Amino acid sequence: MKKIILCLILGLIIVFLFSLEQKIGLFDKNPYNDYINKYSNFFDIDHLLIKAIMKKESNLNPDVVSSRGAVGLMQIMPKTALEIARQLNIADYSNTKLKEVEINIMFGTYYIKRLLNYYDNNLVLALAAYNAGTGNVDSWNKPNPVASTSIHFIPFKETRHYVESIMLIYKVYIWIDVLKRQLNALYHSDTTNA
């Protein structure tokens, strides 16, 4: 009976996730998983968060350049990339390398980890700063620290929607990961009991 209920719940979750697929394209195979896993492990950050940021920022297009000049999969600003290269002691770096998949993922992963450290692992503030910059986030957060407790307190509409979108994608990736683990465990328990 327990397995039947679990299967029904998992079935409902699958229906929900497939309805989200049409909206945000979650089930596309990510061809950059090796680099995502490599740098997520290296910088000790959840690979699903990196996938969510990448999905929102570039929709997995390594050649995209924003109207503001952000480059590549993780949409890194060239000035920020130069700073990151110095911090990572990459001596031969130039911004021509920013479209290289591995460099872009490494820099974006490092940068979001740095922001998480700066904001004491507050994901809302770190994501807001990834979008709007630390100067902007500090200017509205320091005088009113309650802003860090909810996305709805972010005063910039674009940044608020950006954070909401990434948080949704991230949660769905987490649900998909849990679902895969549950289905895998269920499958393995059925095959070992057979």
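As the structure is a prediction and not an experimental result, all values here were calculated from the model.

K.L.:
Just to check I follow, could you spell out the pattern of salt bridges for this structure?
P.N.:
For side chains of opposite charge, pairing can occur when their charged atoms come near one another. Summed over all chains, the structure comprises four salt bridges. Taking the shortest distance from any N to any O, the salt bridge between Glu 102 and Lys 38 comes out at 2.9 Å. Highlighted residues: Glu 102 in helix 5 (residues 101-118) and Lys 38 in helix 2 (residues 33-43), separated in sequence by 64 residues. Look at Glu 102 and you get partly exposed, because its relative accessible area is 25%. One salt bridge in this structure joins Arg 114 and Glu 83, with 3.0 Å as the shortest N-O distance. Of the two residues, Arg 114 sits in helix 5 while Glu 83 sits in helix 4 (residues 78-87), which places them 31 residues apart along the sequence. Exposure remark for Arg 114: the relative accessible area of 24% places this residue in the partly exposed category. For Glu 83, a relative accessible area of 29% gives the class partly exposed.

K.L.:
Quick question: what am I supposed to make of helix 6 (residues 123-132) here?
P.N.:
Since there are 3.6 residues in each turn of an α-helix, residues three or four apart along the chain are aligned in direction. Of all ten residues in helix 6, nine are buried; the element is thus mostly enclosed. Taken residue by residue, helix 6 has Leu 123, Val 124, Leu 125, Ala 126, Leu 127, Ala 128, Ala 129, Tyr 130 and Ala 132 as its buried positions.

K.L.:
What exactly am I supposed to notice about the nonpolar core here?
P.N.:
For soluble globular proteins, the rule of thumb is that nonpolar side chains tend to be buried together. In this structure, Leu 49, Ile 53, Phe 107, Ile 112, Leu 127, Tyr 130 and Val 163 are the most contacted members of the largest nonpolar core, which totals 53 residues. Secondary structure elements with two or more residues in this core: helix 2, helix 3 (47-58), helix 4, helix 5, helix 6, helix 7 (134-141) and helix 8 (157-193). With ten residues, the top contributor of residues to this core is helix 5. Among all residues touching Leu 127, those that are not within four sequence positions of it are Leu 49, Ile 53, Ile 112, Tyr 162, Val 163, Ile 166 and Met 167.

K.L.:
How should I be thinking about the layout of surface pockets in this particular structure?
P.N.:
Over the atoms, a rolling probe the size of a water molecule traces out where space has been left empty. There is about 410 Å³ of room inside the largest pocket. Taken together, 18 residues form the lining of the largest pocket, with Ala 70, Gln 75, Met 77, Tyr 130 and Asn 131 sitting closest to its centre. Elements represented by at least two residues in the lining of the largest pocket include exactly helix 3, helix 6 and helix 8. By residue number, the principal contributor to the lining of the largest pocket is helix 6, which donates four residues. Partitioned by chemical class, the residues of the lining of the largest pocket number eight nonpolar, six polar and four charged.

K.L.:
When you look at the side chain of Asn 122 in this model, what are you seeing that I'm missing?
P.N.:
Mapped onto the fold, Asn 122 is located in the loop between helix 5 and helix 6. On the basis of relative accessibility, which here comes to 18%, the residue Asn 122 falls in the buried class.

K.L.:
What exactly am I supposed to notice about the packing of aromatic side chains here?
P.N.:
The description of an aromatic ring pair uses the distance of the two centres, along with the angle that the planes make with each other. All chains considered together, the criterion is met by six aromatic pairs. Between Phe 42 and Phe 43, the ring centres sit 5.0 Å apart and the planes meet at 85°, which makes this aromatic pair edge-to-face. On the accessibility criterion, Phe 42 (63% relative accessible area) is exposed. Taken together, Tyr 39, Phe 42, Phe 43 and Tyr 110 form an aromatic cluster joined through their ring pairs.

K.L.:
Please explain the packing of helix 4 against helix 5 as it appears in this structure.
P.N.:
Relative placement of two packed helices is described by the angle separating their axes and the distance separating the axes. Where helix 4 meets helix 5, the axes come as close as 10 Å, and the angle between the chain directions of the two elements is 85°. One finds that helix 4 runs roughly perpendicular with respect to helix 5. Residues Thr 80, Ala 81, Glu 83, Ile 84, Ala 85 and Gln 87 of helix 4 lie in contact with helix 5, whose contacting residues are Phe 107, Tyr 110, Tyr 111 and Arg 114. In terms of residue class, the contact of helix 4 with helix 5 is built from six nonpolar, two polar and two charged.

K.L.:
Looking at this model, I keep getting lost on the confidence of the model for the chain. Mind explaining?
P.N.:
Caution applies to low-pLDDT regions: their predicted coordinates should not be interpreted in detail. When pLDDT is averaged along the chain, the result is 87, and 86% of the positions lie at 70 or above. Looking over the chain, one finds the lowest element-wise mean pLDDT in helix 1 (residues 2-24), namely 68, and the highest in helix 5, namely 98.

K.L.:
When you look at the environment of Ile 50 in this model, what are you seeing that I'm missing?
P.N.:
Structurally, the position occupied by Ile 50 is in helix 3. Overall, Ile 50 belongs to the buried group, its relative accessible area being 0%. Through-space distance from the C-alpha of Ile 50 to that of Gly 108 is 8.1 Å; in sequence the pair is 58 residues apart. With residues near it in sequence (within four places) discarded, Ile 50 still touches Ile 36, Ser 40, Ile 45, Met 74, Thr 109 and Ile 112.

Calculation rules
Residues numbered from 1 in each chain as written. Predicted model: local features only at pLDDT ≥ 70, side-chain atom pairs only at ≥ 80, totals over all residues. Heavy atoms only, no water. Salt bridge = Lys/Arg side-chain N within 4 Å of Asp/Glu carboxyl O. Helix = DSSP H or I, 4+ residues; strand = E, 2+ residues; numbered from the N terminus. Buried < 20%, exposed > 50% of the residue type's maximum accessible area, 1.4 Å probe, protein only. Core = buried A, V, L, I, M, F, W, Y, C linked by side-chain atoms within 4.5 Å. Contact = heavy atoms within 4.5 Å. 1 Å grid on protein atoms, 1.4 Å probe; cavity = no way out; pocket = protein on both sides within 12 Å on 5 of 7 lines; lining within 4 Å. Points joined across faces, edges and corners; volume = space filled by probe spheres on them. Nonpolar A, V, L, I, M, F, W, Y, C, P; charged D, E, K, R; others polar. Phe/Tyr/Trp six-rings, centres within 6.5 Å; stacked < 30°, edge-to-face > 60°. Axes fitted to C-alpha atoms, helices over the stretch in contact; angles between N-to-C directions. Parallel < 35°, antiparallel > 145°, perpendicular 65-115°, else oblique. pLDDT = per-residue confidence, 0-100.

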